[in-house]
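Structural characterization, general
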Amino acid sequence: MSGLVVIGASYAGVQAALTVREAGYSGPVTVVADEAVLPYQRPPLSKDFLLGETTAQGLLMRDEAIFTGRRIDLLLGRRVVELDRNAGRVVLAGDAVLDFDSLVIATGSRARPITIHGAELDGVCYLRSIADAIDLKARLDRASEIVIVGGGFIGLEVASSAIKLGKRVTVIEAGSRLLERAVSSVVSRFLLDIHVQAGVAVKTNAAISAILGAGSRVAAVELDGGVRLGADLVVVGIGGIANDDLAVAAGLKCANGIMVDQYGRTACPGIYAAGDCAIHYSRFAGGWIRLECVQHAQDQGRAVGLAVADSREPYDSVPRFWSDQHDLRLQTVGHAAGSDRIVIRGAIDAGRFSVFHYRQDKLVAVDSINNPGDQMLARRLIAAGISPEPDQVKDISCDLRSFLKNRQ
Ligand SMILES: Cc1cc2nc3c(=O)[nH]c(=O)nc-3n(C[C@H](O)[C@H](O)[C@H](O)COP(=O)(O)OP(=O)(O)OC[C@H]3O[C@@H](n4cnc5c(N)ncnc54)[C@H](O)[C@@H]3O)c2cc1C
C-alpha cells in the first residue's frame, strides 16, 4: 500500500493528515513540505511576531511528537516538482519519487509580485512565510520610513505593527477605500480613521509607478503623477496567487485554484485539494470561491481527511476571517459580495459595532469590530438561512438569539 501523500504542511495539509488518522486510516501518511520548519501559525507573522511578542518557537502548531505518535512522516525542506496522476506518483526536487493511493494538494498561496520598475531592489519585501517574517523583522528594526503597497489585510496589519514600533508608515492603496473587496464602506472608513489616528499616512486612489533605488537599495517610491515618497523599506501586500501550478501541469481542472467538490475531491479519483490553493462552490457565496483564511483551510482540510478515510462529511462552513489591527479585532462572517443593503448594529463611535449585509432581503454576511458575540450569532444565523428584519437588527435591545431559539 502506498498510502496518503499530502503536499504542504500548513493548516489544510496538517488538518487533513491528522483527520485521516482520527478517522481510522491505517496506511502510511507522508506530508511533504518545502519549508524546512515544523508547521507553524501564519497569522501572527504580521502581528505579534513583528512586534517581538512571540518567537518562531512560539508559533509552532503542534509538537513534533503529535506527528510521530500518529505515524505521520513529515518530509520537511522537500519540494514536490511534478505530479504524475496516471502513475499515482509525485516527484520531489532531487528526483526522489513518492507513490500514493491518495494525494492531498494543500500548497496554499503565494504573494502576488509587484511588476514595476525597481521591484527587484533590496528592501522590497513580501510577507508569507516565517522566513519572510524573520527577514522583515530585522529590516524593520533598521528602517525608519516604510511604504506599504496595498491596503488589504496584510498591508494594514504590517502598518499597525510598524507604527507601534515607532516607524514612519505610509499605506498606498489603488482602490478608493481600504479592504474594498472584503468589508463594507462603513468598516473601511472606521479603519481608515483608526490608522490615521495612530499616525499612519494612508493614500487611497494612489497607484505606485516605480520604486527608486540608491545603488541596489530602495530609497523612494514614485506615485502616478510624479509624487515621491522616501522609503528605506517597501512592503508589498497586493494579494495572493493560488499555488495550483502542479495541478495545472498535471491537467487537473483549475480556475484561479484547483476545482474541488464539497469533499475536496478533484475530478481525478484519489486526488484532493484543500485550503488557499483550492476553489469550491459555496452556497454562501452562490458561486465558486477561493478563500484565504485559516478557518477555511482547516475545515476543508478536515473534510478532505474524512473523505480519504472513506468517512464522508461535506464541507459546508460559513466563511470567516479575522484581522487584528492596532488594538481592535475585525471579524467577518459570510460572503458580502453583491450585497445591496447594509444595516448597522451598535455604536461606531464606541468602537464596537457590526455591519449586517443583505442580498435581496437575505442576510449574507456580517462584519464586526470588537464584537465577537455578534459574530458567533451571525455565523449561526447565516448557516441556518435565518434573516432577521433590518429594523430588528438595528435595535440593540432586540436579542438576536431569539431567532435561533424560535427555530429549535
Ligand atoms: C502574514 C499573514 C497573516 C495572516 N493573517 C490571517 C488572519 O489574521 N486570519 C486568517 O484567517 N488568515 C490569515 N492569513 C491567511 C492564512 O494564513 C492562510 O489562509 C492559511 O495559511 C492557508 O493555509 P493552507 O494550508 O491552505 O496554505 P499555506 O498556509 O499557504 O501553506 C501551504 C504550504 O505548502 C507549501 N508548498 C507549496 N508548494 C509546495 C510544493 N510544491 N512542495 C512542497 N510544499 C509546498 C508552502 O510553502 C506552504 O508551507 C494570514 C496569512 C499571512 C501570510
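Now for a look at the structure at hand. (Residues numbered from 1 in each chain as written. Predicted model: local features only at pLDDT ≥ 70, side-chain atom pairs only at ≥ 80, totals over all residues.)

Here we look at the overall build of the chain
Heads up, the condition is: Secondary structure elements follow DSSP: runs of H or I no shorter than four residues count as helices, runs of E no shorter than two count as strands, and numbering proceeds from the N terminus. Atoms counted for the radius of gyration: C-alpha only. Globule rule: 2.2 Å times the number of residues to the power 0.38. Any residue with 12 or fewer other C-beta atoms within 10 Å of its own C-beta is exposed, any with 20 or more is buried, and the rest are partly exposed; the C-beta atoms used are placed from the backbone.
From N to C terminus, the chain includes 10 helices and 26 strands. For 408 residues, the compact-globule estimate of 2.2 N^0.38 gives 22 Å, and the chain sits close to it at 22 Å. Each principal axis of the C-alpha atoms in the chain carries an extent, and together these give about 65 × 60 × 35 Å. Within the chain, buried positions represent 43% of all 408 residues.

What to know about the packing of helix H1 (residues 11-22) against helix H7 (residues 294-308)
What counts, and what does not: Every axis in this analysis is a line fitted to C-alpha atoms, fitted for helices over the stretch in contact. Angles between the N-to-C directions lie between 0 and 180 degrees. Crossing handedness follows the turn of the near helix against the far one: under a right angle anticlockwise gives a left-handed crossing, and clockwise gives a right-handed one. Contact between residues is assigned whenever the C-beta positions, reconstructed from backbone atoms, fall within 7 Å. Side-chain classes are defined by residue name, with Ala, Val, Leu, Ile, Met, Phe, Trp, Tyr, Cys and Pro counting as nonpolar, Asp, Glu, Lys and Arg as charged, and the others, Gly among them, as polar.
It is at 7 Å that the axes of H1 and H7 come closest, and there the two elements cross at 35°. As for how H1 packs across H7, the hand of that crossing is right-handed. Contact with H1, carried on its side by Tyr 11, Ala 12, Gly 13, Gln 15, Ala 16, Thr 19 and Val 20, involves Val 294, Ala 297, Gln 298, Gln 300, Gly 301, Arg 302, Val 304, Gly 305, Leu 306 and Val 308 of H7 and no other residues of that element. Partitioned by chemical class, the residues of the contact of H1 with H7 number nine nonpolar, seven polar and one charged.

A look at the sheet that holds strand S12 (residues 201-203)
Rule in force here: By this definition, two strands are paired if DSSP reports at least two bridges between them.
Spatial strand order, S9-S16-S10-S11-S12: five strands in an open sheet with parallel pairing. In the strand order of this sheet, the two ends are held by strand S9 (124-125) and S12, each with one partner. In this structure, S9 lies alongside strand S16 (residues 233-236), joined through two bridges in parallel fashion. Within the sheet, the bridge partner assigned to Cys 125 lies in S16 and is Val 235.

Describing the site of the ligand
The condition that has to hold: In this analysis a residue is considered near a molecule or strand if the C-beta atom, reconstructed from its backbone, is found within 6 Å of that molecule or strand. Note: domain ranges come from an automatic or database domain assignment.
Residues in contact with the ligand amount to 35 residues; listed here are only the nearest, Gly 8, Ser 10, Arg 42, Gly 108 and Gly 275. Listed by contribution, the elements that provide at least two residues to the shell around the ligand are H1, strand S2 (29-33), H7 and strand S22 (320-325). Each of domain 1 (4-110 + 241-308) and domain 2 (113-236) accounts for three or more of the residues forming the shell around the ligand.

Brief notes about the pairing of strand S23 (residues 328-334)
With five of seven residues buried, S23 is to be regarded as a mostly interior element. Summarising the sheet, S22 and S23 pair through six bridges and their orientation is antiparallel. Bridge assignment links Gln 325 to a residue of S23, and that residue is Leu 328. Once S22 ends, the chain turns through two residues before running back antiparallel as S23, passing His 326 with a positive phi of about 50°.

A word on the sheet that holds strand S5 (residues 89-92)
Strand order in the open sheet formed by three strands is S4-S5-S6, and the pairing between neighbours is antiparallel. Two strands lie at the open edges of the sheet, namely strand S4 (80-84) and strand S6 (97-99), each paired on one side alone. Geometrically, the sheet is characterised by an average inter-axis angle of 20° between neighbouring strands, direction not taken into account. In the sheet, S4 pairs with S5 via four bridges, with the strands oriented antiparallel. The residue of S5 that forms the bridge with Leu 83 is Val 90.

Comments concerning helix H5 (residues 185-197)
Put simply, the rule is: One less than the residue count of a helix, multiplied by 1.5 Å, gives the span that helix is expected to have.
With 13 residues, H5 should cover 18 Å at 1.5 Å per step; its first-to-last C-alpha distance of 18 Å lies within 8% of that length. Of all the positions in H5, only Val 187, Ser 188, Phe 190, Leu 191, Leu 192, Ile 194 and His 195 are classed as buried. On its buried face, H5 is in contact with helix H4 (153-164), S12, S22, S23, strand S25 (352-359) and strand S26 (362-369). Just beyond H5, the residue with positive phi is Gly 199, at close to 105°.

Examining helix H8 (residues 372-384)
Between the first and last C-alpha of H8 there are 19 Å, a value that for 13 residues agrees with the 18 Å anticipated at 1.5 Å per step. Buried within H8 we find Asp 374, Gln 375, Leu 377, Ala 378, Leu 381 and Ile 382. Positioned one or two residues after H8, Gly 385 has a phi angle of 70°, which is positive.

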